[in-house]
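Each chain, letter by letter, is given below.
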Amino acid sequence: IVSGNLGNHHACILSRRMGIENSIKSDCAPLREIVLNMLNGGINIRAMRDITRGGLATVLNEIAEASAAGIEIFGGLSFAEAEVQGFCEILGLDPLTMGNEGKLVAVVPAEEAEKAVKIMKASKYGGDAQIIGKVCVSHRPVVTIKTRSGANRIIEPLAGEGLPRIC
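Our subject in this report is the structure included herewith. For clarity, every value in this text was computed on a predicted model and none was experimentally measured. (Residues numbered from 1 in each chain as written. Predicted model: local features only at pLDDT ≥ 70, side-chain atom pairs only at ≥ 80, totals over all residues. Heavy atoms only, no water.)

Details of the side chain of Ser3
Step number 1: If you trace the backbone, Ser3 turns up in the segment before helix 1 (8-18).
Step number 2: Polar contacts involving the side chain of Ser3 include one to the main-chain amide nitrogen of Leu104, which spans 2.9 Å.
Step number 3: Not counting the four nearest positions on each side in its chain, Ser3 is found in contact with Ile34, Gly102, Lys103, Leu104, Met120, Tyr125, Gly126, Gly127, Asp128 and Ala129. (Helix = DSSP H or I, 4+ residues; strand = E, 2+ residues; numbered from the N terminus. Polar contact = N/O pair within 3.5 Å; in protein donor to acceptor, adjacent residues only side chain to side chain. Contact = heavy atoms within 4.5 Å.)

Considerations on the packing of helix 1 against helix 4 (residues 82-91)
A pair of packed helices can be characterised by two numbers: the angle between their axes and the separation between those axes.
Step number 1: Running from N to C, helix 1 and helix 4 point in directions that differ by 55°, and their axes come no closer than 10 Å. The angle between helix 1 and helix 4 falls in the class oblique. Viewed along their axes, helix 1 and helix 4 form a crossing whose handedness is left-handed. Within the contact between the two elements, helix 1 uses Asn8, Ala11, Leu14, Ser15 and Met18 and helix 4 uses Val84, Phe87 and Leu91.
Step number 2: Here the residues of the contact of helix 1 with helix 4 are counted per class, giving 6 nonpolar, 2 polar and no charged. (Axes fitted to C-alpha atoms, helices over the stretch in contact; angles between N-to-C directions. Parallel < 35°, antiparallel > 145°, perpendicular 65-115°, else oblique. Left-handed = near helix turned anticlockwise from the far one by under 90°. Nonpolar A, V, L, I, M, F, W, Y, C, P; charged D, E, K, R; others polar.)

A word on the nonpolar core
One recurring pattern in soluble globular proteins is that nonpolar side chains are buried together.
Step number 1: Ranked by internal contacts, the top residues of the largest apolar core, which has 19 residues, are Leu56, Leu60 and Val105.
Step number 2: For this core, the elements supplying multiple residues, two or more each, are helix 3 (55-67), strand 2 (70-73), strand 3 (104-107) and strand 5 (142-146).
Step number 3: With near-sequence residues (within four places) excluded, Val105 lies in contact with Ile1, Val2, Ala47, Met48, Arg49, Ile51, Leu56, Val59, Leu60 and Ile63.
Step number 4: Ranked by size, the runner-up nonpolar core spans 15 residues in total, among them Ile43, Val117, Met120 and Ala129. (Core = buried A, V, L, I, M, F, W, Y, C linked by side-chain atoms within 4.5 Å. Buried < 20%, exposed > 50% of the residue type's maximum accessible area, 1.4 Å probe, protein only.)

Some thoughts on the pattern of salt bridges
Step number 1: In total, this model carries 3 salt bridges according to the counting rule given.
Step number 2: Residue Asp27 is joined to Lys103 by a salt bridge in which the shortest nitrogen-to-oxygen separation is 3.5 Å. Of the two residues, Asp27 is situated in the loop between helix 1 and helix 2 (32-40) and Lys103 in the loop between helix 4 and strand 3; the sequence distance between them amounts to 76 residues.
Step number 3: Judged by its relative accessible area of 7%, Asp27 falls in the buried class.
Step number 4: Its relative accessible area of 11% is what places Lys103 among the buried residues.
Step number 5: A salt bridge links Arg49 to Glu62; its shortest N-O distance comes to 2.6 Å. Here the residue Arg49 occupies a position in strand 1 (residues 47-50), and Glu62 occupies one in helix 3, the gap between them amounting to 13 residues.
Step number 6: When its relative accessible area of 31% is taken as the criterion, Arg49 is described as partly exposed. (Salt bridge = Lys/Arg side-chain N within 4 Å of Asp/Glu carboxyl O.)

The following block contains the structure:
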């Protein structure tokens, strides 16, 4: 489950550095309320990470590696707001590898996922929370996404420097 749309912070900072005018705002926000609400709601959080450097793709690959499992991301989901998605398309960026400063990913039991999303959405900064995939048995730790054509594409962690350190 992710607590909201991806890439806003990265796109905002990069836009300003490149002098590109748009209305993209940073997603910089505290995650404390979302986490406390899930804990107080009895959600059995198996893993949780903030989605910062390297973006969701890197964080999910780290979780897959640490748990020796596969992660399947559901294809066809919108991971970014329309303006951020357009920004990414123009510059050849992927919202899955972009930095965020106010988002988290949580791994919870499948039977608790809907409840966890409802709790996140009731939090001040979790309004765009969504279930994005599932953990699965795999012969190797790998993150995949189902493409429009029905094939599984491997999601690699970010290689190199996505955005020079700013904080």
